[in-house]
Amino acid sequence: MFDAKKLLEQFLGSQVPGLSGSVRDRAGQAADIAKNNPLKAGALAAAILGTKTGRKLAGNVATIGGVAAIAGLGYLAYKNYKSGQAPEAAPKPEPELLAPPADSAFHPQSPALSNDFALKLIQAMIAAAKADGHIDEKERANIMDKVQVSGLDSEAERFLEKELADPLDIDALVAAARTEEQKVELYTASRLAIEADTRAERGYLDLLAGRLGLPDALVDHIEATVVAAKVEVGV
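Turning next to the pattern of salt bridges. For the structure shown, the criterion picks out 5 salt bridges. Residue R191 pairs with E223 through a salt bridge whose shortest N-O separation is 2.7 Å. Of this pair, R191 sits in helix 10 (residues 180-193) while E223 sits in helix 12 (residues 216-228), and the two are 32 residues apart along the sequence. Judged by relative accessible area, R191 falls into the buried class, the value being 3%.

To continue, consider the confidence of the model for the protein chain. For the protein chain, per-residue confidence averages 79 on the pLDDT scale, and residues scoring 70 or more make up 76% of the total. Here helix 2 (residues 23-36) is the element of the protein chain with the lowest mean pLDDT, 43, and helix 11 (residues 199-212) is the one with the highest, 95. Contacts for the low-pLDDT stretch residues 14-39, under 50 throughout, to residues beyond four places or in other chains number 51 contacts.

Moving on to the nonpolar core. Counting residues in hydrophobic clusters, the biggest one holds 64 residues, and the most contacted among them are F11, I48, L160 and Y187. Residues contacting I48, with those up to four places away along its chain left out, are F11, I126, A129, I135, I143, V147, L160 and L164.

What follows deals with the packing of helix 10 against helix 12. In a packed pair of helices, the relevant descriptors are the angle between the two axes and the axis-to-axis distance. For the pair helix 10 and helix 12, the least separation of the axes is 10 Å and the interaxial angle reads 45 degrees. In terms of orientation, helix 10 and helix 12 fall into the oblique class. Seen from above, helix 10 lies across helix 12 with right-handed handedness. Along its contact with helix 10, which presents V184, Y187, T188, R191 and L192, the element helix 12 presents L218, V219, I222, E223, V226 and V227.

Taken as a whole and judged by the stated rule, the model has 4 aromatic pairs. Ring centres of F2 and F159 lie 5.3 Å apart, and the angle between their planes is 55 degrees; on these two criteria the pair is classed as tilted. Linking F2 in the segment before helix 1 (4-11) with F159 in helix 8 (residues 154-165), this pair joins segments that are 157 residues apart in sequence. Taking 5.9 Å as the distance between ring centres and 65 degrees as the angle between the ring planes, the aromatic pair formed by Y75 and F106 counts as edge-to-face. With Y75 in helix 5 (residues 66-83) and F106 in the loop between helix 5 and helix 6 (115-129), this pair connects stretches of sequence that are 31 residues apart. The residues Y75 and F106 share a single accessibility class, namely buried. Of the aromatic side chains, those joined through ring pairs into one cluster are Y75, Y78, Y81 and F106.

What counts and what doesn't
Residues numbered from 1 in each chain as written. Predicted model: local features only at pLDDT ≥ 70, side-chain atom pairs only at ≥ 80, totals over all residues. Heavy atoms only, no water. Salt bridge = Lys/Arg side-chain N within 4 Å of Asp/Glu carboxyl O. Helix = DSSP H or I, 4+ residues; strand = E, 2+ residues; numbered from the N terminus. Buried < 20%, exposed > 50% of the residue type's maximum accessible area, 1.4 Å probe, protein only. pLDDT = per-residue confidence, 0-100. Contact = heavy atoms within 4.5 Å. Core = buried A, V, L, I, M, F, W, Y, C linked by side-chain atoms within 4.5 Å. Axes fitted to C-alpha atoms, helices over the stretch in contact; angles between N-to-C directions. Parallel < 35°, antiparallel > 145°, perpendicular 65-115°, else oblique. Left-handed = near helix turned anticlockwise from the far one by under 90°. Phe/Tyr/Trp six-rings, centres within 6.5 Å; stacked < 30°, edge-to-face > 60°.

Here is the structure:
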């Protein structure tokens, strides 16, 4: 099994500012960046997740990336929710996202954040990216062209190709989240992957939240925390 946590860092690690245009345009730009720029992680994320808006993770959320970013944002949202604060009044992950306490199930080194669960977080992000139906057969081939120049090993490539091609299995995603913290992290990863600016994306997130059994107030806190962690960039 390949290192899913390392692959997850390539989804939520280095940011590549300035990608713009349609998903296909962004993927094309990502190919050039992957060939000529060491920031292959950002290029991979742009190719697969390529959102339609010009936003990127702000501050040290982008720097820490990967599991740590998901865990940190999930922990902050969960803590704010438990404190009873309104989402709009709760502390935001700016200017610095702090790591969860060492004894917290949200801590990146927690046994709950295993390689297997990191794999589910990647699957959740890809599922969210496919929610609006834009990744058709032609687009999958286009994306895999970019993946092949991103420096991944063959096992990771095959995993991504399969995830892009397979139909959504929300039952498997939901079943993988056995604790409340894992449910929060799975939803947080899904929300990070997209801007949720289409009815299909919003509907998918609502379905996922419902299937995970997340209270509406907790979902609102995750939404507020993720939105606050992103900033507009030039497009």
